[in-house]
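# What the coordinates show
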Amino acid sequence: MIRKAKKSELEEILNVINKSNRNAYRAIIPKEHFIDPILNREKLEEEFNQMTFYVYKLHRIVGVAALKIEKDSANIRWVHVLPEYRKKGIGGALLGHIEKEAKRAGVRRLKAFYVFENAFWARKFYEKLGFKKSESIMVPWKGRAWVYVKDI
Ligand SMILES: CC(C)(COP(=O)(O)OP(=O)(O)OC[C@H]1O[C@@H](n2cnc3c(N)ncnc32)[C@H](O)[C@@H]1OP(=O)(O)O)[C@@H](O)C(=O)NCCC(=O)NCCS
């Protein structure tokens, strides 16, 4: 089931994001640049107040994604699925839900940034969902990070 997150779920969301981030990015980000945990409770509360978080809930929260609407475009943030629940369609379902909600709110363009060049799974993920590469920036440890966009 996908629904808006409740404030009482912040601790569980924090755990999903940090666990997922650690699992996915430790291998591709050099130690000196790798931030773990990526979020703490205080920072997550700030994020929670600035955007809408959605959760994919089974017996517990297994996936998270957030939507930050800015007029007619919106940023997709904090897309994370617990490692043991990946590749089952959960991330795709979360983004499908977010896209519908964004459309309903009058959003015409979705943006996801920054997607690291070597995060092959994330690039595949966005490409499969119809996003296209837009501008890029250079990250401190060489290599690019892309903005992916989708007109909806
Ligand atoms: C990216 C992420 C959210 C995808 O979640 P998921 O539930 O595994 O995604 P889905 O099962 O819905 O996959 C949808 C499509 O994405 C692509 N994809 C997902 N994981 C992939 C992988 N490891 N390798 C290659 N393609 C992958 C596939 O095209 C897949 O479609 P298919 O199953 O028909 O081949 C998940 O891998 C994750 O949490 N990663 C760590 C955090 C992250 O990188 N977030 C992206 C934000 S920058």
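Above this text you will find the structure in question.
Residues numbered from 1 in each chain as written. Predicted model: local features only at pLDDT ≥ 70, side-chain atom pairs only at ≥ 80, totals over all residues. Heavy atoms only, no water.

### Thoughts on a nonpolar patch on the surface
Filter applied, for reference: Excluding any residue in a salt bridge, patches collect residues exceeding 30% relative accessible area, merging like charges within 9 Å and nonpolar Val, Leu, Ile, Met, Phe, Trp and Tyr side chains within 5 Å. Only the protein chains shown count as covering a residue, and every accessible area follows the Shrake-Rupley method with a 1.4 Å probe. Here a salt bridge means any side-chain nitrogen of Lys or Arg lying within 4 Å of a carboxyl oxygen belonging to Asp or Glu. We count a stretch as a helix when DSSP gives it H or I for four or more residues in a row; a strand needs E for two or more, and each element gets its number in order from the N terminus.
A contiguous nonpolar patch, built from F113, Y114 and I137 and spanning about 250 Å² of accessible area, is present on the exposed surface. Take Y114: it is sitting in strand β5 (residues 109-116).

### Structural notes on the site of the ligand
This is how the line gets drawn: One heavy atom within 4 Å of a molecule or strand makes the whole residue count as near it. Whenever two N or O atoms come within 3.5 Å, that pair is a polar contact, provided that in protein one can donate a hydrogen and the other can accept it, and provided that, for residues adjacent in sequence, both atoms are side-chain atoms.
Every one of the 20 residues lining the ligand counts as a neighbour, but Y25, K87, G89, G91 and K128 are closest to it. A distance of 2.8 Å separates an oxygen atom of the ligand from a polar backbone atom of G89. Contact between the ligand and W121: an oxygen atom at 2.8 Å from a side-chain N or O atom of the residue. When residues of the shell around the ligand are assigned to their parent elements, the largest contribution, seven residues, is made by helix α4 (residues 120-128).

### A few points about the packing of helix α1 (residues 10-25) against helix α2 (residues 41-50)
Going by this rule: A fitted line through C-alpha atoms serves as each axis, taken over the contacting stretch for helices, and the angle formed by two N-to-C directions is quoted from 0 to 180°. With respect to orientation, any angle under 35 degrees is reported as roughly parallel, any angle over 145 as roughly antiparallel, any angle of 65 to 115 as roughly perpendicular, and every other angle as oblique. Contact between two residues is taken to exist if any of their heavy atoms lie within 4.5 Å; hydrogens are not considered. When residues are grouped by polarity, Ala, Val, Leu, Ile, Met, Phe, Trp, Tyr, Cys and Pro land in nonpolar, Asp, Glu, Lys and Arg in charged, and all others, Gly among them, in polar.
With their axes 10 Å apart at the nearest point, α1 and α2 run at an angle of 105° to one another. With respect to α2, the axis of α1 lies roughly perpendicular. Across the interface between the two elements, L10, E11, I13, L14 and I17 of α1 pack against R41, L44, E45 and F48 of α2. Here the contact of α1 with α2 is built from residues that sort into six nonpolar, no polar and three charged.

### Quick notes on the nonpolar core
Short version of the rule: Grouping buried Ala, Val, Leu, Ile, Met, Phe, Trp, Tyr and Cys residues that are joined through side-chain atoms within 4.5 Å yields what is termed a nonpolar core. Buried means the residue's accessible area, taken with a 1.4 Å probe over protein chains only, is under 20% of the maximum for its type, while exposed means over 50%, and partly exposed covers the values in between.
Core analysis: the biggest nonpolar cluster contains 50 residues, and I13, Y25, F53 and L110 have the highest contact counts within it. Looking at this core, the element that brings in the most residues is α1, giving seven residues. Setting aside residues up to four positions removed in sequence, F53 forms contacts with R3, K4, A5, I13, I17, L44, E47, F48, V64, A65, A66 and W78.

### Focus on the pattern of salt bridges
All told, the structure shown has 13 salt bridges when counted by the stated rule. As a salt-bridge pair, R3 and E9 come within 2.6 Å of each other at their nearest N and O atoms. Given the relative accessible area of 6%, E9 is considered buried. The shortest N-O distance in the salt bridge between D151 and R109 comes to 2.8 Å. In this pair, D151 is assigned in strand β7 (residues 144-151) and R109 in strand β5, connecting sequence segments 42 residues apart. Through salt bridges that share partners, R3, E9 and K57 make up one connected network.

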